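# Descriptive structure summary
Residues per chain are reported as follows:
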Amino acid sequence: MNFIKSKYLITLLFLSFIAFYCNGQNQNTGKGKDFWFGIMENYALPANISIYIVADKPVTFTIAFPKLGPPPLTFTLVKNRDTVINFTSTTPVKNFQLHNTGSEAAQNRGIHVTCNEPINVIVLNDAVNSTDGAAIIPTSSLLKNGIYYINTFRGEAKSIGSIYNSECLIAATEDNTEISFIPSVKTVGGKIAGNTYKTILNAGQVYQIQAADSLNLTGTKVWVSNGCKKIAVFQGAKCSQIYYGGTCNGCDHLYSQAWPTDIWGKTYLTHPFADMPNGYMFQVIASQNNTKVLVDGTLKATLNEGQAYLEDVTFAVMKCIVTDKPAAVVEFMKSGVCNGNSRGLGNPSLMNVVPIEKMTRAIQVTTPVTQNLINEIYIGIIVKNNAKSLLTINNVLVDTTKFSASASCANYVSGSFKVNKGIYNIKCDSAFSAYIYCNSDNRSYAMEIGAIYDNSSYNFKVDPFSSIYCDTTQNFKFTAFGDSAQSFTWNFGDGTTGSGNTVNKTYSKSGDFSVKLFAKLKTTGCSDDTITKVISIRRSPDISLGKDTTLCNGKVMFLAPFAKSSWAFKWNNGSTLRTQSFLSSQKVWLTVTDSNRCSSSDTISIKFKNCDSLELKIPNIFTPGGDELNDFFNFKFSGYDEFKGFIYNRWGVVVYTFNYPDKDFWNGNIENKDGEPCSDGTYYYIVTARQKSNGIEKQSNGVITLIRGK
């Protein structure tokens, strides 16, 4: 047997936001607080088991072995880092066997991970010349009473040995969980293809099924038959050759987590592996009869429940797979020299293909390696062609020349980016699917990242749709849809609730609000299931240019509004600077945009006048009748800034003094007091006008006639 390729399966973090943090509604990605899994049997033993934990904030997490014996292990982790726990060297776990062996027997080797904040979990199984791995789906994303169909590949060559079986594994998350399964082929334990079998598992127990001889378990159906309980299902093989064909060797252990049927999709785009010109293989499996499978627009198969269509793609090209009913697609990396790698790197691996319906907009991923996996690590991405220039990895725009298109996959491109070991944040304003894989010496790993595990049979949408909302007065329309639900109730994350298919809602404050839709399901009889999305509402930036202003010609108007350093500016003259100066009359507008891409605008009218022209016109009559017409003894003037004056009655008594602008003009009352009106008649005034800038003064005197009218 040739050396075995190692297969890591890498997981992700979804940032919020994002989106949907780049996505206005953050959906169920691989991030969670609770995980259940088990380790499938590798072809080579003993196996060294490791677990990787990734978080975007400081966390404390616990790894427990409820039925096996060792006490729980508790760890802390800083943000944007990964933590590796090697159970082979960790006391006391190193004294226990974590991997499962044999077929069709309940084993006490279930593993449970819990955390105080959302994390991602990767499991690695490393044996002699063989490494496998899986990204674990959080328990919150597993569906109650979900139905699973195994989708794997055994390989055609019997020369690798009939003991290297295809296999699957079921992990129970609750006590008294009745597992039903229908094997697609004869099993090692003697189960007959097509018959229904049952077994009872408690939380912390697992049940491994292995196919007899060189048979393939693909199409095996697994479900819970005694109520609304969740299980985690894994698929793969102890050792598989893809594609043997008599010309190249290479056998490896396959391991991935199966998706329940309710989160399957209908449109898939495969990803060609970098530096593997001889292509790959993919396999489509159906859960409903008469499921049509089109590849690049050509009908390739009509499948019944549990049947699969396998295709050998002999070139490194993206393929478009469309089904008229929900289906699942997996992709296989080929064995050894068969894949055409220029350095002879790579061997079999298995990954789920992410349907277009389950693409995301932001992820965080780690790329673990071992001493056997030190060659070429890639991030593979599929995105719309018109959005590739918006894609960033660790906040750096990607090289768009790395993408290639397929004539049959309209509007989408696929690209691979070589990276080193580390943590990578991938973001885009448009939804994308992503994969991590490593081509190593007779070894490889591959897995999907960034998948959204929302229930395909029902969901909800938000209108209007945006990545981030910038107005706390925005009215939202939440609409639930799906034939599988009998009724819907809502929790909007701010202490309010609702019920019904459509609910209108306004948030009174900014923040991130987890909107939960609870659906009572008709199909499973379960009381309810939940879909959670996050509405991100941000307060728009406060910006003010002040009041409209009039200045003298020759002066300069400076505008320097208060702003945060992260804000971006755009003035009506095209400038992006914070400060501006103006010398002429105009209407000025400014728009600022903050780091959340929320914007606010303000305007100001600036006028300049000739202050060198001095003019003063004083009326000789006014009518303070309360009709707001000529109610004040005021002046028309230009060039002057201040006025001091005295109003005398005909006996020479002062009835009003004023100092404008500090004290207003005369309103016809004694000292402008309410209730003390002066009588109609002739009054005398002395007014001194002054221009502050140069000290020029002018004195005027005369008579003013007060007429109140009737």
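Along each chain, numbering runs from 1 in the same order as the chain's sequence is written. In keeping with the predicted nature of the model, local features appear solely for residues at pLDDT of at least 70, side-chain atom pairs appear and are counted solely at 80 or more, and the whole-chain, interface and lining totals rest on all residues. Computation of side-chain values covers all heavy atoms of the structure but excludes hydrogens and water.

## A look at the pairing of strand E49 (residues 642–648)
Heads up, the condition is: Burial classification: accessible surface area is computed with a 1.4 Å probe over protein chains only, and a residue below 20% of its type maximum counts as buried, one above 50% as exposed, and the rest as partly exposed. Helix and strand assignments follow DSSP, with helices taken as H or I runs no shorter than four residues and strands as E runs no shorter than two, numbered in order from the N terminus. If DSSP finds at least two bridges between two strands, the strands pair.
Judged by which residues are buried, E49 turns out to be one-sided: Phe643, Gly645 and Ile647 face inward and are buried, whereas Glu642, Lys644, Phe646 and Tyr648, on the alternate face, are not. Two elements, E49 and strand E51 (residues 681–691), share seven bridges in a ladder whose sense is antiparallel. Paired with Lys644 across the two strands is Thr688, which belongs to E51. Inspection of the sheet shows E49 paired to strand E50 (residues 654–660) by six bridges, in the antiparallel sense. Counterpart to Gly645 in the pairing with E50 is Phe658. Here E49 folds back onto E50 in antiparallel fashion, the turn holding five residues, of which Gly652 has a positive phi close to 85 degrees.

## Quick word on the pairing of strand E26 (residues 376–384)
In terms of burial, E26 is a largely internal element, eight of the nine residues being buried. In this structure, E26 lies alongside strand E31 (residues 423–440), joined through eight bridges in antiparallel fashion. Considered in E31, the bridge of Gly380 is made with Tyr435. Sheet topology note: the E26/strand E30 (residues 412–419) ladder contains eight bridges and is antiparallel. Its bridge partner lying in E30, Tyr378 is registered against Lys418.

## Observations regarding the sheet that holds strand E12 (residues 177–182)
Heads up, the condition is: In this analysis, axes come from line fits to C-alpha atoms, helices being fitted only over the stretch in contact, and the angle between any two N-to-C directions falls in the range 0 to 180 degrees.
Read across the sheet, four strands follow the order E10-E15-E12-E13 without closing on themselves; strand pairing throughout is antiparallel. Each edge of the sheet is formed by a strand with only one pairing partner; in this case those strands are strand E10 (147–149) and strand E13 (197–201). Ignoring which end each strand starts from, the neighbouring axes of this sheet average 20 degrees apart.

## As for the pattern of salt bridges
Convention followed: Between Lys or Arg on one side and Asp or Glu on the other, a salt bridge is scored when a side-chain nitrogen of the former is within 4 Å of a carboxyl oxygen of the latter.
Scanning all chains against the criterion turns up 18 salt bridges. The partner of Lys221 in a salt bridge is Glu305, with the nearest N and O atoms 3.1 Å apart. Linking Lys221 in strand E15 (residues 221–224) with Glu305 in the loop between strand E21 (298–303) and strand E22 (308–313), this pair joins segments that are 84 residues apart in sequence. Classification of Lys221 as buried rests on a relative accessible area of 19%. For Glu642, the salt bridge goes to Arg690, with nearest N and O atoms at 3.7 Å. Separated by 48 residues along the polypeptide, Glu642 in strand E49 and Arg690 in strand E51 bring together distant segments of the chain. A residue is classified by how much of its surface remains accessible, and Arg690, at 27% relative accessible area, is partly exposed. Through salt bridges that share partners, Arg343, Glu376 and Lys418 make up one connected network.

These values are about where atoms sit, not about what they do.
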